[in-house]
Amino acid sequence: MEIITSSRMLKPVYSTPHPLLGEKVQLTVFDRAALDIFVPVVVAYPAPTPSNEAIKEGLLRAVAPYPHLAGRLAADHRGRRFLHVNNEGVLVVEATVSSNLADLLAYGGMAADVHGQYHTLPEGNVGEALLQIKLNRCKCGGLVVGVSYHHQTADGVAMNNFFITWETAVRQGKDFVAPTPFLDRATTAVSRRMPAPVFDHQSIEFKSGESRGCTRECGDVVSMVKIKDVRVHLTTEFLTELRARVGGRCSMFQCLLAHVWKKITAARALKPEEFTQVKVAVNCRGRAKPPVPMDFFGNMVLWAFPRLQVRDVLNWSYRAVVGAIRDAVARIDDEYIQSFVDFGSLADANGKELMATAAAGTTLCPDAEVDTWLGFRYHQLDFGTGPPCAFQPPDLPIEGLMVFVPSCTAGGGVDLFMAVAEDHVEAFEKICYSLDDDFPTSSRM
């Protein structure tokens, strides 16, 4: 049982007005390629923890250099969205919870339903607070912090930078010195004088009347009860063995993706001649020419699509599958990024609406999509009394979507969160910890 004790819109106070205050910032083509959703994240802290007042004061200090977060999504006379940097504030809800924190936890995550730990997500997005915080105080003194932010405001890289700023502001208090992040969105999407897109971005990055890059009729919508969120904890010992199996130079993310791609493909028992691909998020800041500063606050992510036949995913070595992933990511280079920007410029000139929203219940099978938070510090978000004892990424309403996050367990490792069709859960869970080629016979034919 919970009791809401406060619900307020808090606004940062500026000694001198921020240069962007009052501005109507047009969404870039990168912003519009991001999903039109609020992304919820939950972290939990054992007692003792800083007071709610200290966390709120630090929050306002942290938001001040990121004024978009205190703004609102709005639409112009043509219906095109923009970010109104109007300092309407961030929503902060405070609640007391009758449970002890231990009752809500399990293996570095949340054992109970986490929906109540963050503020109810709005049905509409225009006019809503773009950053919403819920502080849940447990009976034992523990704290569960639920954060939700709108994805068209910022990508994971940008929000990770904001969270680092927030934790620093709480710890340092009045001694906090605000950073000066790069905020000029327009410079990240400058088209050539004669825009010349060379790739089919309408069907790759955006929702069109066709399949949006899928290999067959993915995008079908099924009941949410038929999609199960599966959590897999991969120990440091398993990760060492996995990296040894791949061999050579490769990132942990590439090793993990190769492994999960093999296992979910096997669990789905797909036909061997069928094609399967994975949508891989790629940070474009350092890939663009000229490069964009890593502290840029906004969206600058595109996607790579490693694509193989089922028989190859299952029968190729781990190293070969990693090679296919690496090659696909390498194709997201400055030429591809400029083509994407040019496409957005032509779409604007022609009054073309760009949609990148996937409905809850969408199934990607035989494909998949992956986000990696392995380089983010959500699991180390320290307000002054230590890092969280549990971390929970957002619900995964799209079958085939997976997220890799660093584990909060004492032994470390990586947690995989994946939305799996209920018919495939048992088979996936049976083989997900195995590095053997234990695939169904039907997939080898």
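Just above, that's the structure.
Rules and cut-offs
- Residues numbered from 1 in each chain as written.
- Predicted model: local features only at pLDDT ≥ 70, side-chain atom pairs only at ≥ 80, totals over all residues.
- Heavy atoms only, no water.
- Phe/Tyr/Trp six-rings, centres within 6.5 Å; stacked < 30°, edge-to-face > 60°.
- Helix = DSSP H or I, 4+ residues; strand = E, 2+ residues; numbered from the N terminus.
- Buried < 20%, exposed > 50% of the residue type's maximum accessible area, 1.4 Å probe, protein only.
- Lys NZ or Arg CZ within 6 Å of the ring centre and 35° of its normal.
- Axes fitted to C-alpha atoms, helices over the stretch in contact; angles between N-to-C directions.
- Parallel < 35°, antiparallel > 145°, perpendicular 65-115°, else oblique.
- Contact = heavy atoms within 4.5 Å.
- Nonpolar A, V, L, I, M, F, W, Y, C, P; charged D, E, K, R; others polar.
- Salt bridge = Lys/Arg side-chain N within 4 Å of Asp/Glu carboxyl O.
- Polar contact = N/O pair within 3.5 Å; in protein donor to acceptor, adjacent residues only side chain to side chain.
- Pairing = 2+ DSSP bridges.
- Core = buried A, V, L, I, M, F, W, Y, C linked by side-chain atoms within 4.5 Å.
- Expected span 1.5 Å × (residues − 1).
- 1 Å grid on protein atoms, 1.4 Å probe; cavity = no way out; pocket = protein on both sides within 12 Å on 5 of 7 lines; lining within 4 Å.
- Points joined across faces, edges and corners; volume = space filled by probe spheres on them.
- Domains from an automatic or database assignment.

**Q** What's the story with the packing of aromatic side chains in this structure? I'm lost.
**A** Where two aromatic rings form a pair, the distance of their centres and the angle of their planes describe that pair. Within the structure shown, the criterion is met by 19 aromatic pairs. When the ring of Trp373 is compared with that of Phe391, the centres are 5.9 Å apart and the planes differ by 55°; the resulting orientation is tilted. Here the residue Trp373 occupies a position in the loop between β17 (368-372) and β18 (390-392), and Phe391 occupies one in strand β18, the gap between them amounting to 18 residues. Looking at Phe391, the relative accessible area reads 2%, which means it is buried. One aromatic cluster is present, built from ring pairs that chain together Tyr45, Tyr66, Phe162, Phe163, Trp166, Phe297, Trp373, Phe376, Tyr378, Phe383 and Phe391. Sitting above the plane of the Tyr318 ring, Lys262 keeps its charged end 5.2 Å from the centroid. In this structure, Arg307 is placed above the aromatic ring of Phe275, and the distance from its NZ or CZ to the ring centre is 4.1 Å.

**Q** Is there a simple way to explain the packing of helix α5 (residues 236-246) against helix α6 (residues 252-268) in this structure?
**A** Helices that pack against each other are described as a pair by the angle of their axes relative to one another and the distance between those axes. Two elements in contact, α5 and α6, have axes whose closest approach is 10 Å; the angle formed by their N-to-C orientations is 85°. Relative to α6, the element α5 lies roughly perpendicular. Counting all contacts with α5, which are made through Phe238, Leu239, Leu242, Arg243 and Val246, the residues of α6 involved are Met252, Cys255, Leu256 and His259. Here the contact of α5 with α6 is built from residues that sort into seven nonpolar, one polar and one charged.

**Q** I'm lost on the pattern of salt bridges in this one. Help?
**A** One side chain can pair with another of opposite charge once the charged atoms of both are near each other. Going through the model one piece at a time under the given rule, you end up with 15 salt bridges. Between Arg171 and Glu167 there is a salt bridge whose closest N-O contact spans 3.6 Å. Placement of the pair is Arg171 and Glu167 together in helix α3 (residues 156-172), with a separation of four residues, close to one helical turn. Take Arg171: its relative accessible area is 42%, and that puts it in the partly exposed class. Overall, Glu167 belongs to the buried group, its relative accessible area being 2%. Measuring nitrogen to oxygen at the nearest pair gives 3.0 Å for the salt bridge that ties Asp415 to Arg231.

**Q** Explain the environment of Thr240 to me, please; I cannot follow it from the model alone.
**A** Assignment of secondary structure puts Thr240 in helix α5. Linking Thr240 and Met252, residues 12 residues apart in sequence, is a C-alpha distance of 9.5 Å. At a separation of 3.0 Å, a polar atom in the side chain of Thr240 contacts the main-chain carbonyl oxygen of Thr236.

**Q** So what exactly am I meant to see when it comes to the pairing of strand β6 (residues 90-97) here?
**A** For β6, a buried count of seven out of eight residues is recorded, marking the element as mostly surrounded by other parts of the structure. Across eight bridges, the pairing between strand β1 (residues 2-10) and β6 is antiparallel. Along β6, the bridge assignment pairs Arg8 with Val92. Two elements, β6 and strand β9 (residues 131-137), share six bridges in a ladder whose sense is parallel. Following the sheet pairing, Val93 is matched in β9 by Lys134.

**Q** Where do I start with the nonpolar core in this structure?
**A** In this structure, Leu257, Leu302, Met402, Phe404 and Phe428 are the most contacted members of the largest nonpolar core, which totals 63 residues. In terms of residue count, α6 provides more of this core than any other element does, 10 residues in total. For Phe404, the residues in contact, after removing those within four places along its chain, are Phe253, Leu256, Leu257, Val260, Val370, Asp371, Thr372, Trp373, Leu374, Val414, Asp415 and Leu416. In terms of nonpolar packing, the next biggest core, distinct from the first, is built from 56 residues, Val90, Val92, Leu131 and Phe163 among them.

**Q** Any chance you could explain α6 here in plain terms?
**A** Residues separated by three or four positions in an α-helix point in the same direction, a consequence of the helix having 3.6 residues per turn. Between its first and last C-alpha, α6 extends 24 Å over 17 residues, near the 24 Å set by a 1.5 Å rise per residue. Where burial is concerned, most of α6 is hidden: 17 out of the 17 residues are buried. Phi turns positive, to about 50°, at Ala269, one or two residues after α6.

**Q** Please explain empty space enclosed by the protein as it appears in this structure.
**A** Over the atoms, a rolling probe the size of a water molecule traces out where space has been left empty. Applying the stated criterion across every chain, the model contains one cavity of 30 Å³ or more. Reported here for the largest cavity is a volume of approximately 50 Å³. Taken together, Val41, Val43, Val145, Val147, Phe163, Tyr378, Leu381 and Phe391 make up the full set of residues lining the largest cavity. Where the lining of the largest cavity is concerned, the elements lending two or more residues are β3 (38-45) and β10 (143-150). Among the residues making up the lining of the largest cavity, the classes are represented as eight nonpolar, no polar and no charged. Mapping the lining of the largest cavity onto the domain boundaries places at least three of its residues in each of domain 1 (2-188) and domain 2 (224-432).

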